[in-house]
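Inside the fold
So the chains spell out like this:
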Amino acid sequence: MTESVILPNGVSVSVEQTVPVSVNPDRDLHGPAVVRAGNGDILLSHQDSDQHRGGDGYVHQWRSTDEGFSWKDEGPAADWRDRGLDSLFGDCALAPDGRLVMFVQRREPLGGDAGILATWYSISSDHGRTWEEQGPVDDSDEHAAMYVRSVQTRDGVMYGGVWSRHGSTLYVSANDGTTWQKRSVMFPPTYPDFEQMPEAGPPFYPHAVFCPDGTLLGMIYHTPPLHRCYTTRSTDNGFSWAPIQPRPELPLWAPRMNRIDDDLMIVTGRDTGEGATVAWFSGDNGENWVNKLIVDRPAHRGSYAYTDSIALDEDRFWIFTSSPQSEGKGDIVGVLLRLDR
């Protein structure tokens, strides 16, 4: 098991410790998303459902006031079971004004991807202790925004990658997450490998991250038999995009990019060959991804290796991942990486 790697710049990255966050052998806990609130607390939300694809599903929220080493259960952050709907995958972002924005996927219970009824969003003005439901991200078409992932902020504008039947897109907000507008299509359904997109098929998990050089890198993943990521890049804050690049060297299911520091990027996700959560690193603005690190290899089968990450300090970095602690379901753990420079 590769628990440490040495990057081309000489930095050593190693797994320091693993911390359980949410463990329940009777429920499927999956798809963690993390954010640091304006008061410094770290919030983590995840799918809590009967099965991997939902059923009796809601967004479950946890809070850490000690930098991720212990967690308090805060219960449902979004729950529409009384409306006959699942609410899954609550991705959160900190707005420039200090409020939090949460994006929640609404589904028909056990309806699969075809049962997605669009993504709605909520806003919190008290660091996530209460949430006020706003409505659909895009009310022009219920399928225009099926999921929002990895929202970034730059110069007061919030940017989010959106999975859509109309092409995976970039949405932005210039008013602290109060309203959202489509800016551009990153990954159009006219691309040769993307013909299933209008039927809510692959590819999945579109998102975009600002690189150290200021460009915006978009990434998406196509399931087997293609089993690879694709990237595209924007030099004008997402108004236009370079040609799509297939990335067969990155067979990373459910990728999630992030910035570790001013020079280093990370992408995490599921490696089906390893049966593990893994991380790859880039020191050249996402042009190349190197030095695969095994982050978490669960002992049991179930929902695993969906991820999100957040910096602890300049030398430590959390990866939160789905990791079944018993057979057949899913749980959430945090894995702390250490960087020795």
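Below is a short write-up of the structure. All of these numbers come straight from a predicted model, not from anything done at the bench.

Analysis parameters
- Every residue gets a number counted from 1 within its own chain, in the order that chain's sequence is written.
- Two thresholds apply to this predicted model, a pLDDT of at least 70 for residue-level local features and 80 or more for giving and counting side-chain atom pairs, whereas whole-chain, interface and lining totals are computed over all residues.
- Values shown for side chains rest on all heavy atoms present in the structure; no hydrogens or waters enter the calculation.
- The helix and strand labels rest on DSSP assignments: H or I over at least four residues marks a helix, E over at least two residues marks a strand, and numbering proceeds from the N terminus.
- In this treatment the radius of gyration is a C-alpha quantity, and the globule benchmark scales as 2.2 Å times the residue count to the 0.38 power.
- Throughout, a contact is declared for two residues whenever any of their heavy atoms are within 4.5 Å.
- Accessible surface area values rest on a Shrake-Rupley calculation with a 1.4 Å probe, where residue burial reflects the displayed protein chains alone.
- Only buried Ala, Val, Leu, Ile, Met, Phe, Trp, Tyr and Cys residues count toward a nonpolar core, and they belong to the same one when joined by side-chain atoms within 4.5 Å.
- Classification of residues uses two cut-offs on accessible area relative to the type maximum, computed with a 1.4 Å probe and protein chains only: under 20% is buried, over 50% is exposed, and between them is partly exposed.
- At least two DSSP bridges between two strands are needed for those strands to be called paired.
- Throughout, an axis means a line fitted to C-alpha atoms (over the contacting stretch in the case of helices), and angles, computed between N-to-C directions, take values from 0 to 180 degrees.
- N or O atoms closer than or at 3.5 Å make up a polar contact, with two conditions inside protein: a donor-capable atom paired with an acceptor-capable one, and, for residues adjacent in sequence, both atoms drawn from side chains.
- A pairing counts as a salt bridge when a side-chain nitrogen of Lys or Arg comes within 4 Å of a carboxyl oxygen of Asp or Glu.

1. Overview of the overall build of the protein
- When you go through the protein residue by residue, the secondary structure sums to zero helices and 25 strands.
- For the protein, whose C-alpha radius of gyration is 18 Å, the value lies close to the compact-globule estimate of 20 Å for 341 residues.
- For the protein, the spread of C-alpha atoms along the principal axes amounts to about 50 × 45 × 40 Å.
- A fraction of 49% describes how many contacts in the protein between residues 6 or more apart in sequence connect residues 24 or more apart.
- For the protein, the exposed area adds up to about 12800 Å²; of that, 46% sits on carbon and sulfur atoms.

2. Quick word on the nonpolar core
- Ranked by internal contacts, the top residues of the largest apolar core, which has 28 residues, are Met257 and Trp289.
- Listing elements by their share of this core, those giving two or more residues are β7 (86-94), β15 (204-210), β16 (216-222), β19 (253-259), β20 (265-271) and β21 (276-282).
- Setting aside residues up to four positions removed in sequence, Trp289 forms contacts with Leu217, Met219, Arg247, Leu250, Met257, Met265, Ile266, Val267, Trp280, Phe281 and Ser282.

3. Observations regarding the sheet that holds strand β23 (residues 307-313)
- Strand order in this open sheet of five strands is β1-β2-β25-β24-β23, and the pairing throughout is antiparallel. What marks the edges here is a single partner per strand, and that holds for β1 (4-6) and β23. Averaged over all adjacent pairs, the angle separating strand axes in this sheet is 25 degrees, with direction ignored.
- Pairing geometry for strand β24 (residues 316-322) and strand β25 (residues 332-340), over seven bridges, is antiparallel. Bridged to Phe317 within β25 is Leu337.

4. Thoughts on unusual backbone geometry
- The linkage connecting Pro202 with the following residue, Pro203, adopts the cis geometry, with an omega of 5 degrees.
- Structurally, the position occupied by Pro203 is in the loop between β14 (181-187) and β15.
- The omega torsion across Pro224 and Pro225 is 10 degrees, close enough to zero to call that bond cis.
- Checked against the element boundaries, Pro225 lands in the loop between β16 and β17 (228-234).
- Although it is not a glycine, Glu67 sits at a positive phi angle of roughly 70 degrees.
- Relative to the helices and strands, Glu67 is located in the loop between β5 (58-64) and β6 (72-78).

5. Here's the deal with the sheet that holds β16
- One open sheet accounts for four strands, arranged β15-β16-β17-β18; its pairing is antiparallel. At either margin of the open sheet sits one strand with a lone partner, and together these are β15 and β18 (245-247). Strand-to-strand twist across the sheet, computed as the mean angle between neighbouring axes with direction ignored, equals 25 degrees.

6. Concerning the side chain of His46
- Within the fold, His46 resides in strand β4 (residues 42-49).
- For His46, a relative accessible area of 0% gives the class buried.
- Side chain to side chain, His46 and Ser22 meet in a polar contact 3.1 Å long.
- Non-local contacts of His46, meaning those with residues more than four positions away in its chain, are made with Ser22, Leu29, His30, Gly31, Pro32, Tyr58, Val59, His60, Trp62 and Ile332.

7. Some details on the environment of Ala279
- By the element assignment, Ala279 lies in strand β21.
- Sequence spacing of Ala279 and Pro251 is 28 residues, and the spatial spacing of their C-alpha atoms is 12 Å.
- Beyond its immediate sequence surroundings of up to four residues, Ala279 is in contact with Ile266, Val267, Thr268, Asn291, Lys292, Leu293, Val295 and Ile319.

8. Regarding the side chain of Gln61
- With respect to the element layout, Gln61 can be found in strand β5.
- Judged by its relative accessible area of 4%, Gln61 is buried.
- In this structure Gln61 touches Leu43, Leu44, Ser45, Lys72, Asp73, Glu74, Gly75, Ala77, Gly128 and Trp131, once residues within four positions along its chain are discounted.

9. A short note on the pattern of salt bridges
- On inspection of all chains with the given rule, the structure shows 24 salt bridges.
- Salt-bridge contacts for Asp91 lead to Arg256; the nearest nitrogen and oxygen are separated by 3.1 Å. Separated by 165 residues along the polypeptide, Asp91 in strand β7 and Arg256 in strand β19 bring together distant segments of the chain.
- By relative accessible area, Asp91 is classed as buried at 3%.
- According to the relative accessible area criterion, Arg256 is buried, its value standing at 3%.
- One salt bridge in this structure joins Glu327 and Arg301, with 2.9 Å as the shortest N-O distance. In this pair, Glu327 sits in the loop between β24 and β25 while Arg301 sits in the loop between β22 (290-296) and β23, placing the two residues 26 residues apart along the sequence.
- For Glu327, a relative accessible area of 44% puts it in the partly exposed group.

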